[in-house]
Amino acid sequence: MRRKLVVGNWKMNSSKAGNKALLEALIPGLQQETSDVVVCVPYPYFAQVQTIAQTSKIKWGAQNLCANKNTALTGAVSAAMLVDYGCSHVIIGHSERRLQLHETDDTAAARFTAAIDAGLTPIFCMGETKEERDAGSTEYIVGRQLDAILRRFGPETVAKCVLAYEPLWAVGTDVPATPDQAQEVHHYIRKRIARCDENVAENMRILYGGSLNPNNAAALFAMPDIDGGLVGRCSLNANDFIAICKAVDEG
Ligand code: PGA
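In what follows, the accompanying structure is described. (Residues numbered from 1 in each chain as written. Predicted model: local features only at pLDDT ≥ 70, side-chain atom pairs only at ≥ 80, totals over all residues. Heavy atoms only, no water.)

1. Let's talk about helix α7 (residues 138-153)
Thinking step 1. The end-to-end C-alpha separation of α7 is 23 Å, in line with the 22 Å expected for 16 residues at 1.5 Å each.
Thinking step 2. Maximum bend of α7: about 40°, positioned at D147.
Thinking step 3. Among all positions in α7, only T138, I141, V142, G143, Q145, L146, D147, A148, I149 and L150 are buried.
Thinking step 4. Of the residues trailing α7, G154 is marked for its positive phi of about 85°. (Helix = DSSP H or I, 4+ residues; strand = E, 2+ residues; numbered from the N terminus. Expected span 1.5 Å × (residues − 1). Bend = angle between axes of the 7 residues up to and from the residue. Buried < 20%, exposed > 50% of the residue type's maximum accessible area, 1.4 Å probe, protein only.)

Shown next as structure tokens:
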């Protein structure tokens, strides 16, 4: 039985006052939840989030890291620094970084392994554009992105991460994948892992992300290969995020 997980991706949207209000609403609101909950926050707020959330069930993580170890590299943040602030998870290969900051399968793989080496759990994102879907290339694209870690590091290492299917046409658009569309790709991802290792595939948590909200979450989470969600905008509103976490508990 795979344990469900909901991850909030705050992106570049917070402030000290806003974080405090959000976490102080989430902590009591999520007390009864049995699934795992993680918030991925901007680097400057790790210490604040750690102070507020450390005795709660909410874990915290980062939205990226640098693959290098601590070294002369201006502006970079290492895996060791994330660990120093109690982070448990880190998002790797988010589509916004792949598209706007030109991250590639190779750089995502390097960040992935840096996270694993530091004992962090990567949340490894994959997804196709609308053009790629329309051209019938979804499986090819997602398969290639998955192989960047699966072929390189093997299923035993991939077992240490959480995967996220985030179709680019659904991220930030208010056009979520339908439950059937998402299930089809999640099933494909699991099948591809099963070709390498059936046990790893069976236990692999695969999150859906892209315009998740309290109205569509239950139907998506009811799908057999969807093990939770990666939530952007609705993770910034306590009521919405709590409602999504409750939907995953029931799914
Ligand atoms: P969204 O973002 O929920 O705002 O669509 C999801 C994500 O980018 O992780």
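2. Brief notes about the packing of helix α1 (residues 16-29) against helix α12 (residues 238-250)
Thinking step 1. Where α1 meets α12, the axes come as close as 9 Å, and the angle between the chain directions of the two elements is 30°. Of the possible angle classes, the one that applies to α1 and α12 is roughly parallel. Crossing of α1 against α12: the hand is right-handed. Across the interface between the two elements, L22, A25, L26 and G29 from α1 touch A238, F241, I242 and K246 from α12.
Thinking step 2. Of the residues belonging to the contact of α1 with α12, the class tally is six nonpolar, one polar and one charged. (Axes fitted to C-alpha atoms, helices over the stretch in contact; angles between N-to-C directions. Parallel < 35°, antiparallel > 145°, perpendicular 65-115°, else oblique. Left-handed = near helix turned anticlockwise from the far one by under 90°. Contact = heavy atoms within 4.5 Å. Nonpolar A, V, L, I, M, F, W, Y, C, P; charged D, E, K, R; others polar.)

3. A short note on the sheet that holds strand β5 (residues 121-126)
Thinking step 1. Here we have eight strands rolled up into a closed barrel, ordered β1-β2-β3-β4-β5-β6-β7-β8, and parallel in their pairing. Taking the axes of each pair of neighbouring strands and ignoring which way they run, one obtains an average angle of 25° across the sheet.
Thinking step 2. As defined by bridge partners, strand β2 (residues 36-40) adjoins strand β3 (residues 58-62) across four bridges and the pair is classed as parallel. When the sheet's bridge partners are listed, C40 is paired in β3 with G61.
Thinking step 3. The strands touched by helix α2 (residues 46-53) within the sheet are β2 and β3, with β3 carrying the most contacts at an inclination of about 170°. (Pairing = 2+ DSSP bridges.)

4. Some thoughts on the nonpolar core
Thinking step 1. In this structure, L163 and I189 are the most contacted members of the largest nonpolar core, which totals 66 residues.
Thinking step 2. Considering each element in turn, this core owes the most residues, seven residues, to α12.
Thinking step 3. Residues within four places of I189 in sequence aside, it is in contact with M126, V142, L146, L163, Y165 and I206.
Thinking step 4. If you look at the next biggest cluster of nonpolar residues, it comprises 11 residues, including L5, C40, I91 and V162. (Core = buried A, V, L, I, M, F, W, Y, C linked by side-chain atoms within 4.5 Å.)

5. A few points about the side chain of N216
Thinking step 1. Relative to the assigned elements, N216 resides in the loop between β7 (206-209) and α11 (217-221).
Thinking step 2. Polar side-chain contacts of N216 include one of 2.8 Å to the backbone oxygen of S211.
Thinking step 3. A distance of 2.8 Å separates the side chain of N216 from the backbone nitrogen of N213, its partner in a polar contact.
Thinking step 4. With sequence-adjacent residues up to four places away left out, N216 is seen in contact with P176 and S211. (Polar contact = N/O pair within 3.5 Å; in protein donor to acceptor, adjacent residues only side chain to side chain.)

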